[in-house]
Structures are given as C-alpha cells and as structure tokens.
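Structural characterization, general
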Amino acid sequence: MRYHYSSLVGLDFSGIQHKYPETVLIFPTAGQTCHAYCTFCFRWPQFVGMEGIKFATRESGIFQDYLREHKEVTDVLITGGDPLTMKARHLSLYIEPLLGSGFEHIQTIRIGTKSVAYWPYRFVTDEDADDILRLFERVTLAGKHLAIMGHYDHWKEMETEIAQEAIRRIRSTGAQIRTQAPLMHRINHSKEVWIRMWREQVRLGCVPYYMFMERDTGAKQYFEVPIIRAWEIFQQAIQKLSGLARTVRDPVMSALPGKVLVDGVAEIFGEKVFVLSFLQGRNPNWCKRPFFARYDDKASWLTEHTPALGEQEFFYEKQLNEILQTET
Ligand code: SF4
C-alpha cells in the first residue's frame, strides 16, 4: 500500500494534516497562538495569520468526520501554536467526541505544549486549571492513552515549585508527559544541560522523547548546531544516564521526507559517513532502513547532506519526488 497523504491542510480539510498513515495532526483555530513567542519558532506564520499557510480547523465536526472515515488512524496529535492556550471548554470540543462510539480506533491522543515550562499555572491556578485536568482524566478513564508532549529547552524550566506542581497534577490524571526540545546553540548546546534535564525529567516522572535538530526555517543561522556536534552531545549525554532516560531518540531532523535520525558516524570501505535512518517516512517502508551521507562537519540539516559511497542520490529521493508531484 502506498501512502502519499498530502498536507490536507489548506485543501479540503483545513486544519488537519494526515502526516503519517497512523497519525493525524489537528491545528485548532483557537490554539494557533502560544504562551511563549520563541525566536526559534518555526510555526510563527500561524500566529500572524498569513493566508495560505495558516492552518485552522473551522469546526471540530470536520475533524471528526475525517477520523471516523479513516480507521487506520490510531494517533491524534493536537498541536498549534499551543493548544493549551485554549479554554478547557473549547479544547473539550475536539477531544470529547473521540472518547465515544465511532472512534474506537483512536488509541492515543497527544497534545503538544510549551505551557508545562512557560505557563505551568495552566494546570495549577488558571481559572479552568481543574477543568483541564478533569478533561485529561476523562480521556484516560475512557481507556485512551493521553500523552502531553512537553517542550522543555533547559533544566531551569523545571526548577520552580509551580512547574513541578504542574507535572504532578498532570500525572495524577493518568496522562503521561513526554518531553522534547530542539538542540540550540547558545541555549542548550552542551551535554551537561541535557544530562541534567533528562535526569530531572525522569525523577519527576516524565519520559524523555525527542532531541530535535534546529529546523531549516527562521533564525536557524543563530541557533543551528552542526549534526556532528549534535550527535556528540547526544552520545556523551546518553552514556551518563540510566536506562529509564534512554527512551530519548537519537537527534532527529523533522524534514520534508519524514523524521530522520542521526544514528552515528561510521567508516565504511575507508569512507567516513553519517549513518542516518527514518523514524517516520512519507512512505512507511522507508522506516529503519539505514542510509549513508558523506561526512561533513558543517552540515546541520538533511538538505546539506550528499550521499556517500558513490551513490548519486539517497534511496528515497525518487519516490519522494513522485509523492510530491501527486500533491501538487
Ligand atoms: S513554544 Fe513552540 S509553538 Fe510556542 S513559540 Fe515556542 S516554538 Fe513556537
């Protein structure tokens, strides 16, 4: 079976992106803003309302109709901006229907958010903090897995009492917190920061999940870290951690063909190469197939890599072009 889901966003299903066969992203209109305004944010066009690139869900009914028809979908990611800028009663319009009949195939609901770090009051003292927690509870009591994808860039963001209380309250609902962050020059580009951050996350009951490479958008030049440096930081950090923190993946590039892991550096037939693989691909069949890029100590994104070992192109490129053509 070939999957070439276009970004349905902006076409028939505004605010919905069927990114991978089993995973659908939804961008609720009211969640297209954020508590934080990070200078490295790649979602800024959504915040300023630029036509053509702003993702919006005009009504949750469209979303439900789409999911009802797509039984292959098991995972829904509600994202933004930050969907937890939404009032609990608004967010529940998107979530509650998924707990009822017709949506038995939806097993996991993820919510991407920075609020755990930047506005932990959302879960503790905001006027509808308890309502949001009750909503989380209804999801877990319905037998679904609720994952709060918490964006923490630095261990300092977990130091305060309120941040730790937010984690405690979220976890008391049965939801799990998985953590993710981009690796950024000048912010967290040292192994010490990641060791301390991941250790602290495990202590607080969170699951370290993603170390992202800085995307090829916005202020990349200021924040970018070469891939070799990212891999060194990751490799040196992970060896200092217990097995419980080794849930985190190798540095990831969330790029056009899919999520590409930097698995390491190797020497093959005398050539020094980067070993890469897909965690998720536009074509599911690309997953976990190692491929090799020429060693380049300045490259900081997939598009800056060239194939190694005499290859003219990476194994996925021809198929990717076909997929992209069907989308235009
Ligand atoms: S927290 Fe995430 S969505 Fe919000 S401004 Fe920062 S990078 Fe963008």
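Above this text is the structure in question.
Residues numbered from 1 in each chain as written. Predicted model: local features only at pLDDT ≥ 70, side-chain atom pairs only at ≥ 80, totals over all residues. Heavy atoms only, no water.

**Re the site of the ligand**
Condition: The criterion for a residue being near a molecule or strand is simple. One of its heavy atoms has to lie within 4 Å of it. Residues are grouped as follows: Ala, Val, Leu, Ile, Met, Phe, Trp, Tyr, Cys and Pro are nonpolar; Asp, Glu, Lys and Arg are charged; all remaining types, including Gly, are polar.
Taken together, nine residues surround the ligand, and among them Cys-34, Ala-36, Cys-38, Cys-41 and Lys-114 come closest. Across the shell around the ligand, the residue classes tally to six nonpolar, two polar and one charged.

**Thoughts on a nonpolar patch on the surface**
This is how the line gets drawn: Like charges within 9 Å and nonpolar side chains (Val, Leu, Ile, Met, Phe, Trp, Tyr) within 5 Å are joined into patches, using only residues over 30% in relative accessible area that form no salt bridge. The protein chains shown are the only cover counted for residues, whose accessible areas, like all others here, come from Shrake-Rupley with a 1.4 Å probe. Salt bridges are defined as contacts in which a side-chain nitrogen from Lys or Arg sits within 4 Å of a carboxyl oxygen from Asp or Glu. Starting at the N terminus, helices and strands are each numbered in turn, a helix being any DSSP run of H or I of at least four residues and a strand any DSSP run of E of at least two.
A cluster of nonpolar residues, Tyr-118, Trp-119 and Tyr-121, forms a patch on the protein surface that exposes about 300 Å² of accessible area. Here Tyr-118 shows up in helix H4 (residues 115–118).

**Points about the pairing of strand E5 (residues 145–151)**
Note the following rule: Only protein chains enter the accessibility calculation, which uses a 1.4 Å probe; a residue whose area is less than 20% of its type maximum is buried, one above 50% is exposed, and one in between is partly exposed. Two strands form a pair only when DSSP identifies at least two bridges running between them. For the handedness criterion, the strands are oriented away from the viewer, and a crossover whose path from the first strand over the helix to the second runs clockwise is classed as right-handed.
Here E5 lies mainly inside the structure; six of its seven residues are buried. In this structure, strand E4 (residues 108–113) lies alongside E5, joined through six bridges in parallel fashion. The residue of E5 that forms the bridge with Thr-113 is Gly-150. Sheet topology note: the E5/strand E6 (residues 176–183) ladder contains five bridges and is parallel. Bridging across to E6, His-151 finds its partner in Gln-180. In this fold, E5 hands off to helix H6 (residues 161–171), which returns the chain to E6; that crossover is right-handed.

**Details of the pairing of strand E8 (residues 252–255)**
Neither face of E8 is left uncovered, since the one carrying Val-252 and Ser-254 and the one carrying Met-253 and Ala-255 both have all their residues buried. In this structure, E8 lies alongside strand E9 (residues 258–268), joined through four bridges in antiparallel fashion. Residue pairing across strands places Met-253 opposite Val-260, the latter belonging to E9. Where E8 hands over to E9, the hairpin turn is made up of two residues, counted between the paired strands.

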